[in-house]
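# Chains, contacts and geometry: an overview
Okay, here's what each chain looks like letter by letter:
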Amino acid sequence: MLHGAIVDALLARMSIHGVRWQAAPLIVAMNLALMAGPAQAHTTSTGLATVETRGGELAYRLTLAPAEIGEQAVIIIRGAAGDAAAANRVGELLHAHVSMAVDGQACRIRRTRLQASQLGDDRVALLLDFHCGAAPGRLQLGDTLSTPFGEHYRSIVSVARPDGTREERVLDREHPEAAFDFGHAAPSSLGGFVRLGMEHILGGLDHLLFLAALLLGSRGLRSLLITITAFTAAHSLSLAAATLGWAHVSGSWVEPAIAASIVWMALENLLRAQAPLRRHLLTFTFGLAHGLGFAEALTELHLAGWPLARALLGFNLGVESGQALAVLLLAPALGWMARYAAGPRITRGLSLGIAGMGLIWLAQRLVLAQPG
């Protein structure tokens, strides 16, 4: 009877709190282990924890039934009911027995809260907000709650990964720690964001082909400088607006717009003698779309305050440095083509190839943008 009650309670709590658990095999294994052993003289108590990540901010939520954890039940119930002294004692307990670290650096607990269940049962949620130095590359979680809650207490922890999937672990007296690998850690220094910006533009073939189309269509050094300045100003503005939350634009149209900008500028090189002012205005307009594309690398980090300002400055410097490097590498080839009779034919051939690649990307991105 006890075994079934434990499993039923676990499944009920998972359903109530709306967590998309994928730990059913784990729970079944726990149940079988309990059933296989001799009659127990104790009750195993279980807490269900979730960890959500938003950049360097982590939210930990532990839901449990106080009646299952012995002498600590009284202060938890009082704290959830509004007793300030009891809430402080629960906060001290959590500070002592729950810890997070990102890439070896300990995270700081910013706030502790208690919430009574709104469903009329006896469950209580213990919430911790952690501030870490950076978004997790590797997250280490420590849980020694079996010390205050009893040696047979365990926590089932579900951690949300950046791709939306979840990973579960069981922490108990024998296994008080768990590590979760999220991949490469986000940059945390100005230099790191400069490198990220350079990698983003130099590794983005669509951005480089748009830049190549601009350069192939430029007539003279003055026109080239104005064109590059227009592109730089535009993508810097939209990058800042999107990163700071002033503009919210879906990637379902930003990515097709970037592909369309490549096709348009390449066809401009083929079909007409461009009026300089018109071309510069087009460059500025398309640059806004490219800046929104750049911003995705920062907005997914969910930064705020000084870390956001540092990230925006460094990333933009990196993008501009990468762009300048690309221009310097292409400039000698452009100068060579300008001196030879075959130059215009080469320009048309390259522009045709760029337009073709842009059309392929445009078709692919339009298909992917369709719902369902």
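Residues numbered from 1 in each chain as written. Predicted model: local features only at pLDDT ≥ 70, side-chain atom pairs only at ≥ 80, totals over all residues. Heavy atoms only, no water.

This next bit is on the sheet that holds strand β5 (residues 108-116). A sheet is described by the order of its strands in space; here 6 strands give the open sequence β5-β6-β2-β1-β8-β9, paired in mixed fashion. Two strands close off the open sheet at either side, each with one partner strand: β5 and β9 (166-171). When strand polarity is set aside, the average angle formed by the axes of neighbouring strands in this sheet is 20 degrees. Of the pairings in the sheet, the one linking strand β2 (residues 57-64) to strand β6 (residues 124-131) comprises 8 bridges and is antiparallel in character. By the bridge assignment, Leu 62 is partnered in β6 with Leu 126. Here helix α4 (residues 84-97) sits on the sheet in contact with β5 and β6, set at roughly 130 degrees to β5. (Pairing = 2+ DSSP bridges. Helix = DSSP H or I, 4+ residues; strand = E, 2+ residues; numbered from the N terminus. Axes fitted to C-alpha atoms, helices over the stretch in contact; angles between N-to-C directions. Contact = heavy atoms within 4.5 Å.)

Take a nonpolar patch on the surface next. On the surface, a nonpolar cluster with roughly 370 Å² of combined accessible area is contributed by Trp 336, Tyr 340, Ile 346 and Leu 350. Examined against the element boundaries, Trp 336 turns out to sit in helix α11 (residues 305-338). The exposure class of Trp 336 is partly exposed, given its relative accessible area of 39%. (Patch = residues over 30% accessible without salt bridge, like charges linked within 9 Å, V, L, I, M, F, W, Y side chains within 5 Å. Areas by Shrake-Rupley, 256 points an atom, 1.4 Å probe, with all protein chains shown as cover. Salt bridge = Lys/Arg side-chain N within 4 Å of Asp/Glu carboxyl O. Buried < 20%, exposed > 50% of the residue type's maximum accessible area, 1.4 Å probe, protein only.)

This brings us to the state of the cysteines. Inspection of every chain in the model, using the stated rule, returns 1 disulfide. Here Cys 107 engages in a disulfide with Cys 132; their sulfurs sit 2.0 Å apart. Disulfide Cys 107-Cys 132: torsion about the S-S bond near 105 degrees, hence right-handed. Residue Cys 107 is found in the loop between β4 (105-106) and β5, and its partner Cys 132 is found in the loop between β6 and β7 (138-143); the two are separated by 25 residues along the sequence. Judged by its relative accessible area of 13%, Cys 107 falls in the buried class. Classification of Cys 132 by relative accessible area gives buried; the value is 4%. (Disulfide = S-S within 2.5 Å.)

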